[in-house]
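Structure assessment
What follows is the residue order along each chain.
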Amino acid sequence: MTTRDDPDFSPLRLDGEVVHILDQTRLPAEEIWIECRDPEPVADAIRRLAVRGAPAIGVAAAYGLALGAHAWGEDEASLERADALLRATRPTAVNLRWALDQGRRSWLERLEAGEPVAPALFAWAADLHRRDVEINRRMGEHGARLFASGDRVLTHCNAGALATGGYGTALGVVRAAYAAGALSMVWVDETRPLLQGARLTAWELGQLAIPYRLVTDSSAGALMSRDLVDRIVVGADRIAANGDVANKIGTYTLAVLAQRHGVPFYVAAPRSTLDPDTATGADIPIEERAPGEITAVGGAALAPAGADAANFAFDVTPHDLVTAIITEVGVLEPPFDESIARAIALGGSGH
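The next point concerns the sheet that holds strand β9 (residues 245-248). With mixed pairing, the 4 strands of this open sheet are ordered in space as β11-β8-β9-β14. Looking along the sheet, the strands with just one partner apiece sit at the ends: β11 (274-275) and β14 (314-317). In terms of strand pairing, β9 meets β14 through 4 bridges, oriented antiparallel. Counterpart to Lys248 in the pairing with β14 is Phe314. Against the sheet, helix α9 (residues 251-261) touches β9 and β14, its axis set at about 30° to β14.

The following block contains the structure:
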């Protein structure tokens, strides 16, 4: 099995004109890589959470578009077919749209210039992948400065190397803080219903030899009330222009509890997750997934046959509950409408 302390580890890899995606639905029991030769298996992997996490979805979509040009043809009809397929997979993560918008521009520019499209798109996607890892490392450096020696941090879902091109957003901050001697341990929310904390974050932290303890999602309030949490750091799937944050369901609950107990609540996300076209969290589409993800785990039924369920994949944390947003260009502080606008104006994020 690949060791997660490999500094170059990524859940996606390009081998010539074939993309391999680590199937995260099979972790931690087994490590299975999905071979993708056209956009169909990429779209399927995004849709069923074999690849997940906003930055990783963006990278996967970029590779999927390149595969479309290679496998389906470099004409505009092939572009529309691949773009529509990939764009329809997950509605909440803005990185998906961000990557596809960039790829469309690149495809059309080369088509108009009479240049080969597929090689250029593969090179662009690989560069986007590389830059994502660099961005995450810079984010970790900025975030680590917010920690003090002996801190205990709580995190939710998985925002590590598995959720990105590599290194991680929220877990990238955790990694950097631990390396700097400013972190003693991590509380890992199990993250129902698909247990990304229990399956993925615990696995990554174990590979990195960072001390952690797994807890039920409903333990967070008790931990804070007993003064066992010094900071909370989570990732994000979309951040509105005013600083409202869409992230894995249960994040809003943590933010409310953090405010009640005076625990700093940090969000770690690249500038590509900042969405200036979405004014507030009320405008962010929230994906609702199949009820079966709640009523069963690993194929084993938890609820009575025929039980109905509402399975919202994300919630929105209002900006006034967020202490700071950690990005690759520094730590953004309130008022977020101003600090986010300044960060986007720096350029280089694709906006």
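Of all hydrophobic cores here, the largest spans 41 residues; its most connected members are Leu12, Ile21, Val42 and Val51. At the level of secondary structure, the elements contributing two or more residues to this core comprise β2 (18-22), β3 (33-36), α1 (39-47), α2 (54-72), α3 (76-87), α4 (94-113) and α5 (118-144). Counting residues per element, this core draws most heavily on α2, at 13 residues. For Val51, the residues in contact, after removing those within four places along its chain, are Leu12, Ile21, Gln24, Ala45, Ile46, Ala56, Ile57 and Ala60. Residues Val234, Val245, Ile325 and Leu332 belong to the second largest nonpolar core, which totals 29 residues.

On to the side chain of His156. With respect to the helices, strands and loops of the structure, His156 is situated in the loop between β4 (152-155) and α6 (170-179). There is a polar contact of 3.0 Å between the side chain of His156 and the side chain of Asp189. Only 2.9 Å separates the side chain of His156 from the backbone oxygen of Ile249, close enough to count as a polar contact. Residues in contact with His156, not counting those within four places in the same chain, are Asp189, Thr191, Asp217, Val233, Val234, Lys248, Ile249, Gly250, Thr251 and Leu254.

Look at α1 against α2: their axes get within 8 Å of each other, and the N-to-C directions meet at 160°. Judged by the inter-axis angle, α1 sits roughly antiparallel to α2. Crossing hand, α1 versus α2: left-handed. Counting all contacts with α1, which are made through Pro39, Glu40, Val42 and Ile46, the residues of α2 involved are Ile57, Ala60, Ala61, Gly64, Leu67, Gly68 and Trp72. The residue inventory of the contact of α1 with α2, partitioned by class, reads 8 nonpolar, 2 polar and 1 charged.

This next bit is on the sheet that holds strand β1 (residues 12-15). Pairing within the open sheet is antiparallel, and its 3 strands lie in the order β1-β2-β3. A strand with exactly one partner marks an edge of an open sheet, and here the two such strands are β1 and β3. When the angles between neighbouring strand axes are averaged without regard to direction, this sheet yields 25°. Sheet analysis places β1 next to β2, joined by 4 bridges and oriented antiparallel.

Cut-offs applied
Per-chain numbering applies: the sequence of each chain, read as written, is numbered from 1 onward. pLDDT decides what is reported in this predicted model: residues at 70 or higher carry local features, side-chain atom pairs at 80 or more are listed and counted, and totals for whole chains, interfaces and linings draw on all residues regardless. Hydrogens are left out, water is left out, and the side-chain values use all remaining heavy atoms of the structure. Here the rule is simple: two strands pair whenever DSSP picks up at least two bridges between them. A run of H or I in DSSP counts as a helix once it spans at least four residues, and a run of E counts as a strand once it spans at least two, with each numbered from the N terminus. In this description, contact between two residues means that some pair of their heavy atoms is separated by no more than 4.5 Å. Lines fitted to C-alpha atoms define the axes, with helix axes restricted to the stretch in contact, and inter-axis angles between N-to-C directions lie between 0 and 180 degrees. The set of buried Ala, Val, Leu, Ile, Met, Phe, Trp, Tyr and Cys residues whose side-chain atoms join them within 4.5 Å is what this entry labels a nonpolar core. Under the scheme applied here, a residue whose accessible area is under 20% of the maximum for its type counts as buried, over 50% as exposed, and between as partly exposed, the area being computed with a 1.4 Å probe on protein chains only. Residues adjacent in sequence count toward polar contacts only when both atoms are side-chain atoms; beyond that, a polar contact is any pair of N or O atoms within 3.5 Å, and within protein one must be able to donate a hydrogen and the other to accept it. Geometric relationships in this document are graded by angle, where less than 35 degrees denotes roughly parallel, more than 145 denotes roughly antiparallel, 65 to 115 denotes roughly perpendicular, and other angles denote oblique. Take the far helix as the reference: if the near one is turned anticlockwise from it by less than a right angle, the crossing is left-handed, and if turned clockwise, right-handed. Put simply, Ala, Val, Leu, Ile, Met, Phe, Trp, Tyr, Cys and Pro go in the nonpolar bin, Asp, Glu, Lys and Arg in the charged bin, and everything else, Gly too, in the polar bin.

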